[in-house]
Amino acid sequence: MKRLVLIPLLLLAACDQTGTGGGTSSSSASSSSSESSAASSSSASSSSESSSSIALPDFPHDPATQLAAGSGSGYADLSNWAPGICFPLADTPAYANSQVYRPGGSARPSEPSQCAAENYSYPWQDNFCESRSWSNPLCNSGQGHQGQDIRPKTCKSNLYWAVAPEDGVVTQMGSMTVAITGNAPPHRVYRYLHMQRSSLRVALHDTVVRGQKLGLVSNNLGVNSQGQQQYTTIHLHFEIRVGQTETLSDGTVLSADDFVPPYTALVDSYQRKLAGDCPTVE
């Protein structure tokens with residue numbers, strides 16, 4: 001019998017669209033941490049008013065902060081930074097794990113197939129702060145992977161849709177990136193990497209709704225300085241960033257656009273997705 005977990009279903013409170021910008025930072029980036037706390041409290045209060053306790057299916061997943069052995073120093077924060085979001089893929093099952101420390105990744109050169117069964121099976125595995133050279137203030141080393149990698153249902157490119165996490169505005173477009181800033185306080189910024197560019201259904205400054213199709217998950221790694229197309233494994237890289245200055249419980253101050261761990265929010269959203277939350281919007 002499938003094990004059930006009772007947790008609250010949180011729905012993001014809708015609010016009027018605010019101004020849009022050309023970058024991923026929201027117009028509230030200069031807000032103080034106290035304003036951020038007030039906005040977060042307001043959002044949580046609105047969500048709790050529309051929440052209901054329902055039985056959600058559990059699924060095999062490793063705990064947050066538990067990275068693959070030898071893949072990095074990890075991080076300590078267990079917060080759900082985006083309660084109530086849609087799971088960012090329209091179809092299930094999906095598999096959160098490492099693109100580097102699994103078959104087909106650069107750390108496993110003797111196992112070249114990205115379509116290995118290991119990659120398309122549970123349990124999920126966190127890979128925020130996995131060893132990378134990119135700046136990330138929440139990682140113990142100050143550097144690391146800035147989001148979570150998610151493989152779609154099968155090892156097929158340009159077949160499975162990525163969807164919007166909440167109502168918001170498209171605030172960044174790149175050769176392999178789309179960023180959405182949420183309408184509801186505290187205006188989280190969600191960045192999607194590796195969608196097929198020709199499949200994108202959104203443009204800069206477009207408004208989107210929760211569950212709306214954005215583009216197809218692919219192996220698009222953008223173009224290099226010579227304009228040549230680059231490729232990665234088939235997956236969606238999903239990030240959550242703060243939209244304004246926030247202070248953590250340990251006193252760490254996050255600046256606007258700093259990365260925060262998405263894994264806990266993704267586990268929560270996936271459980272709700274399995275229970276029927278977040279129908280896809282064309």
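Residue indices follow the written sequence of each chain, beginning from 1 at its first position. Selection of residues for local features in this predicted model requires a pLDDT of at least 70, selection of side-chain atom pairs for listing and counting requires 80 or more, and totals for whole chains, interfaces and linings are taken over all residues. Values reported for side chains reflect all heavy atoms of the structure, with hydrogen atoms and water molecules removed beforehand.

Chemist: Explain the packing of aromatic side chains residue by residue, including any values.
Modeler: Centres within 6.5 Å make a pair out of two Phe, Tyr or Trp rings, where for Trp the six-membered ring is used; the pair is then stacked when the planes are under 30 degrees apart, edge-to-face when over 60, and tilted otherwise. Applying the stated criterion across every chain yields a total of twelve aromatic pairs. Judged by centre distance (4.7 Å) and plane angle (45 degrees), the rings of W124 and Y270 are tilted. A residue pair is termed long-range when its members are at least 10 positions apart, and W124 in the loop between β3 (95-96) and β4 (148-151) and Y270 in helix α2 (residues 263-274) qualify at 146 residues. Residue W124 shares its accessibility class with Y270, and that shared class is buried. Cluster of aromatic residues (ring-pair linked, three or more members): F59, F87, Y95, Y120, Y122, W124, Y263 and Y270. Criterion for a charge above a ring: Arg CZ or Lys NZ at most 6 Å from the ring centre, at most 35 degrees from the ring normal. For R151, the ring lying beneath its charged end belongs to Y120, and the centroid distance is 5.9 Å. By definition, any uninterrupted DSSP run of H or I lasting at least four residues is a helix, any uninterrupted run of E lasting at least two residues is a strand, and each is numbered from the N terminus. Throughout, exposure labels follow a simple rule: accessible area from a 1.4 Å probe, protein chains only, divided by the maximum for the residue type, with under 20% read as buried, over 50% as exposed, and the rest as partly exposed.

Chemist: Go over the pairing of strand β7 (residues 177-182), please, and point to the residues and values.
Modeler: Burial analysis of β7 places six of its six residues in the buried class, which makes it a mostly covered element. Burial along β7 is two-sided: T177, A179 and T181 facing one way and V178, I180 and G182 facing the other are all buried. When DSSP locates at least two bridges between a pair of strands, those strands are taken to pair. Judged from the five bridges that link them, strand β6 (residues 168-173) and β7 form a sheet pairing that is antiparallel. Within β7, the residue paired with Q172 across the bridge is A179. Adjacent in sequence and paired antiparallel, β6 and β7 are bridged by three residues. Pairing of β7 with strand β8 (residues 189-193) involves five bridges; the strand directions are antiparallel.

Chemist: I'd like a description of the state of the cysteines, backed by residues and values.
Modeler: A pair of cysteine sulfur atoms is labelled a disulfide when the two atoms are within 2.5 Å. Inspection of every chain in the model, using the stated rule, returns three disulfides. The disulfide partner of C115 is C155, and the gap between their sulfur atoms is 2.0 Å. Disulfide C115-C155: torsion about the S-S bond near -65 degrees, hence left-handed. Taken together, the positions of C115 in the loop between β3 and β4 and C155 in the loop between β4 and β5 (161-163) put the pair 40 residues apart, joining distant regions of the chain. Regarding the disulfides, the protein carries the connectivity 1-6, 2-5, 3-4 under sequence-order numbering of its bonded cysteines.

Chemist: Residue-level account of α2, with values.
Modeler: Relative to the 16 Å expected for twelve residues at 1.5 Å per residue, α2 spans 16 Å between its end C-alpha atoms, a close match to the ideal helical length. Counting buried residues along α2, ten of its twelve residues qualify, which places the element largely inside the surrounding structure. Y263, A265, L266, V267, D268, S269, Y270, Q271, R272 and K273 are the residues of α2 that are buried. Directly beyond the C-terminal end of α2, a positive phi value near 105 degrees is found at G276. An expected span of 1.5 Å times one less than the residue number is assigned to each helix.

In short, shape yes, function no, at least from these values alone.
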